[in-house]
Amino acid sequence: NNSLDTPFNASKHKLRELKEEHRLEIVLKMRQLKAGQMYAYIPTHLFCGDLCMILQERKFQILSIIDTNENGFSTVLEETSDEYCTPVGALQFKVHEIAFGPVGDPTVRQP
């Protein structure tokens, strides 16, 4: 069998944190929709004592998949929504893109 098969319980396999590859994949997915988009900075939240504005919020999940070729498991990152049925053992989380000031302002804190 040459495919990734059945999802299984990630918590049993110590899938507790995001791998760097998942973090980079999330950044790319979030930037695809907003690439080069301008915004009017209107702060709506505080983060670590600094005013900020949420530019976008997206939901993701990581699934552990039994890989019959490797005799182990692989992880798959996918975007999800509230309407989506959560597989047992999936690691779900929200990601926020935030801004600390207007685009091009050199005094703005860079995360």
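A. Expanded view of the nonpolar core. Within the largest apolar cluster, seven residues are counted, these being I26, M30, F60, I62, L77, F93 and V95. Setting aside its immediate chain neighbours within four residues, L77 contacts H22, E25, I26, K29, F60, Q61, I62 and F93.

B. Layout of the pattern of salt bridges. According to the stated counting rule, one finds three salt bridges in the structure shown. A salt bridge links K29 to E25; its shortest N-O distance comes to 4.0 Å. Taken together, the residues K29 and E25, both in helix α1 (residues 20-34) and four residues apart, mark about one turn of the helix. Note on E25: relative accessible area 30%, which makes it partly exposed. The partner of K94 in a salt bridge is E57, with the nearest N and O atoms 3.9 Å apart. You can see K94 sitting in strand β5 (residues 91-99) and its partner E57 sitting in strand β3 (residues 50-67), a full 37 residues away along the chain.

C. Here's a closer look at the side chain of T80. Inspection of the secondary structure puts T80 in strand β4 (residues 72-80). Not counting residues within four places of it along the chain, the set of residues in contact with T80 comprises K59, F60, Q61 and Q92.

D. Focus on the state of the cysteines. Evaluated as defined, the whole model comprises zero disulfides. Unpaired in this structure, C48 has its nearest cysteine sulfur neighbour in C52, at a distance of 9.1 Å. Overall, C48 belongs to the exposed group, its relative accessible area being 66%.

Parameters at a glance
Residues numbered from 1 in each chain as written. Predicted model: local features only at pLDDT ≥ 70, side-chain atom pairs only at ≥ 80, totals over all residues. Heavy atoms only, no water. Core = buried A, V, L, I, M, F, W, Y, C linked by side-chain atoms within 4.5 Å. Buried < 20%, exposed > 50% of the residue type's maximum accessible area, 1.4 Å probe, protein only. Contact = heavy atoms within 4.5 Å. Salt bridge = Lys/Arg side-chain N within 4 Å of Asp/Glu carboxyl O. Helix = DSSP H or I, 4+ residues; strand = E, 2+ residues; numbered from the N terminus. Disulfide = S-S within 2.5 Å.

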